[in-house]
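# Coordinate analysis (summary)
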Amino acid sequence: MRGVRPLAVALLLAGCGRRERTPDSLATATPIKHLVVVFQENVSFDHYFGTYPVAANPPGEPAFHAAQLTPAVNGLTDSLLRRNPNFTNRENGTDASEPFRLDRTQAATADQSHDYTEEELAYDGGRADLFPKYTGAGLGGGTTAFFTPAVVMGYYDGNTVTALWNYAQHFAMSDNAYSDDYGPSAPGAISLVAGQTNGWVAAKAADST
């Protein structure tokens, strides 16, 4: 996914009957009348849902307990959490190989680098193990932990992004959806909706305040 921006919503309406007809009156092969896709750019699935549906539930944070029979996502297994094969950035003293939990005091993180070349290098021919090296440094500079290669390995759980985890209890998630485009933001969003980016032209938006 691409740019840390407000959540983008793509609303695809199934069936284009006359205006006076309501969605419930349309004849469809399934009960589904609308498909709403919600995604955040430049943030990985694992950043929000890597350990879903199991939250740490530390004292003092909103607890999350999943409903019975909630399926686990294709996310951070014990092996990935404890023995992650990612690149380790030791030249500057930062071990960014292991995923780590972000708590409620760390809700604001820097945007990862999302340029085309950096993303392609990070993907490393399909191994996807060089993100700390090439995309982990937050945009905008700074010296805190949120502006280091380590932040790209950080993840939240249901105690911090409680609303998102509650949404997931009622709607479908795409834990195996991957974009076929490398940055920047616009082609990634177009590809999500259209399935391709052939012929798209970037237009300079009017300046606004």
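Everything here concerns the structure above.
A brief structural summary. (Residues numbered from 1 in each chain as written. Predicted model: local features only at pLDDT ≥ 70, side-chain atom pairs only at ≥ 80, totals over all residues. Heavy atoms only, no water.)

### Focus: the overall build of the protein
- Scanning the protein from terminus to terminus reveals six helices and four strands.
- In the protein, the order of α-helices and β-strands from amino to carboxyl end is β-β-α-α-β-α-α-β-α-α.
- Here the protein holds 209 residues, and 34% of them are scored as buried.
- Within the protein, contacts between residues at least 6 apart in sequence are counted, and of these 67% link residues at least 24 apart.
- Split by element, the accessible area of the protein, about 13300 Å² in all, is 56% carbon and sulfur. (Helix = DSSP H or I, 4+ residues; strand = E, 2+ residues; numbered from the N terminus. Buried < 20%, exposed > 50% of the residue type's maximum accessible area, 1.4 Å probe, protein only. Contact = heavy atoms within 4.5 Å. Areas by Shrake-Rupley, 256 points an atom, 1.4 Å probe, with all protein chains shown as cover.)

### A look at the packing of aromatic side chains
- Under the defined criterion, the tally for this structure stands at seven aromatic pairs.
- Pairing F49 with W165 gives two aromatic rings, centres 6.5 Å apart and planes at 20°, and the pair type is stacked. With a gap of 116 residues between them, F49 in helix 1 (residues 45-49) and W165 in helix 5 (residues 162-168) connect regions that are remote in the sequence. Like F49, the residue W165 is buried in the burial classification.
- Members of the aromatic cluster, joined through ring pairs, are F45, F49, Y52, F64 and W165. (Phe/Tyr/Trp six-rings, centres within 6.5 Å; stacked < 30°, edge-to-face > 60°.)

### Brief notes about helix 6 (residues 185-194)
- Of the positions making up helix 6, those classed as buried are S185, P187, G188 and S191.
- Where helix 6 terminates, the next one or two residues include G195, which has phi positive at roughly 80°.

### Brief notes about the nonpolar core
- Grouped together as the largest cluster of nonpolar side chains are twelve residues: V43, Y48, F49, Y52, A55, F64, V73, L102, Y156, V161, W165 and A168.
- Apart from residues lying up to four places away in sequence, F64 is in contact with Y52, P53, A55, N57, G158, N159, W165, N166 and Q169. (Core = buried A, V, L, I, M, F, W, Y, C linked by side-chain atoms within 4.5 Å.)

### Section: the pattern of salt bridges
- The tally for this structure, following the rule as stated, stands at five salt bridges.
- With a closest N to O distance of 2.9 Å, E61 and R101 form a salt bridge. With E61 in the loop between helix 1 and helix 2 (78-82) and R101 in strand 3 (residues 100-101), this residue pair connects regions lying 40 residues apart in the sequence.
- Taking the relative accessible area as the measure of exposure, E61 reaches 19% and is therefore buried.
- Assessed through its relative accessible area of 24%, R101 is described here as partly exposed.
- A salt bridge links D78 to R82; its shortest N-O distance comes to 3.8 Å. Taken together, the positions of D78 and R82, both in helix 2 and four residues apart, correspond to about one turn of that helix.
- Residues joined by salt bridges that share partners form a network here, namely E61, R101 and D157. (Salt bridge = Lys/Arg side-chain N within 4 Å of Asp/Glu carboxyl O.)

### Here's the deal with unusual backbone geometry
- Geometrically, the link from Y52 to P53 is a cis peptide bond, its omega value of 5° lying close to zero.
- In this structure, N57 is a non-glycine residue whose phi angle is positive, near 50°.
- Relative to the helices and strands, N57 is located in the loop between helix 1 and helix 2.
- A residue is classified by how much of its surface remains accessible, and N57, at 26% relative accessible area, is partly exposed.
- Positioned with a positive phi, L69 is a non-glycine residue whose angle comes to about 70°.
- Note on placement: L69 falls in the loop between helix 1 and helix 2.
- The exposure class of L69 is exposed, given its relative accessible area of 86%.

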